[in-house]
Amino acid sequence: MNDNNIRVLFAGDLIGKAGRRTLKIFLDDLRKEHNIDLVIVNGENSASGHGITKSVYDEIIKTGADVVTAGNHVWDMKELAGYIDKLDKFVRPSNYPDEVPGKGYVTVEVKGQKITVLNLMGRVFMPLCDCPFQEFDRVYEEIKDSFIFVDFHAEATSEKYCLAHHLDGRAGAVVGTHTHVQTNDEQLLPQGTLFLCDAGMCGAVNSIIGMKPDRPLKKYLTGMPQRYEVQDKGDLFFNGIVFEFDQNRSITEFFKINVRTDAEK
Ligand SMILES: [Fe+2]
Ligand SMILES: [Fe+2]
């Protein structure tokens, strides 16, 4: 490995306390094992499975994350809107109107290179938001002198693939989140952009996308709304991706991370 190259670890949605515990169990070892320079974590479900608070954000940063991204659950903890502007390494989806508090991207510097972490949200089977394609085109002029990492928080695989191809050659990496299920399609697109449709999640293995199985199951069986609870029992897994890029912002290596407490600890 070239010492000037930069290695990034991105972790999929942390699900509540179980997700935060997963980060604590694995992050230090992953950082050392893979010589990670920058850690990005999706925190949209990190507070009780719904949204994020300042104390949870602080805990994730203290555990070793450098930047925290979000998604459709960003406003679930309503108090966040009052202090989101003070969380300097927190990004919410950029494709909200200008008057919405918080920021859609943050630029950090590692080994003299600028890296911008941009959060975008899809519109298929998702809450109302502005067009993520046009939003990228709009902000690109502001961030094009950096390596651009995009956490594309979206449900539909087709939308994720379309956005990735739209960004090919402009973003350095486009990684999906939101489904909580890691996909097996990591690839370099024709113009060199790294793409993974979904990074997966960090939390309980025996769960329905991080939640105790009984409530979502009851919802399907009865059609009635249910209050979901984070699964906090059993084995945990850490899903994400590691990638490396060089001084020309070209991807030089990438591989998914899927480690579990039962297999590894
Ligand atoms: Fe999520
Ligand atoms: Fe989500």
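Basis of the calculations
- Residues numbered from 1 in each chain as written.
- Chains lettered and ligands numbered in written order.
- Predicted model: local features only at pLDDT ≥ 70, side-chain atom pairs only at ≥ 80, totals over all residues.
- Heavy atoms only, no water.
- Patch = residues over 30% accessible without salt bridge, like charges linked within 9 Å, V, L, I, M, F, W, Y side chains within 5 Å.
- Areas by Shrake-Rupley, 256 points an atom, 1.4 Å probe, with all protein chains shown as cover.
- Salt bridge = Lys/Arg side-chain N within 4 Å of Asp/Glu carboxyl O.
- Helix = DSSP H or I, 4+ residues; strand = E, 2+ residues; numbered from the N terminus.
- Pairing = 2+ DSSP bridges.
- Contact = heavy atoms within 4.5 Å.
- Axes fitted to C-alpha atoms, helices over the stretch in contact; angles between N-to-C directions.

1. Quick notes on a nonpolar patch on the surface
Residues Val181, Ile208, Ile209, Leu217 and Leu221 make up a contiguous nonpolar surface patch of roughly 460 Å² in combined accessible area. By secondary structure assignment, the location of Leu217 is in helix H6 (residues 214-222).

2. Some words on the sheet that holds strand E7 (residues 147-153)
Strand order across the open sheet formed by six strands is E5-E6-E7-E8-E10-E9, with mixed pairing between neighbours. What marks the edges here is a single partner per strand, and that holds for strand E5 (105-110) and strand E9 (187-188). The pairing of strand E6 (residues 113-121) with E7 spans seven bridges and is classified as parallel. Opposite Leu118, over in E7, you have Val150 as the bridge partner. Against the sheet, helix H4 (residues 132-143) engages E5, E6 and E7, with an angle of about 160° to E6. Lying on the sheet, helix H5 (residues 157-167) is in contact with E6, E7, strand E8 (173-177), E9 and strand E10 (194-196); it crosses E8 at an angle near 165°.

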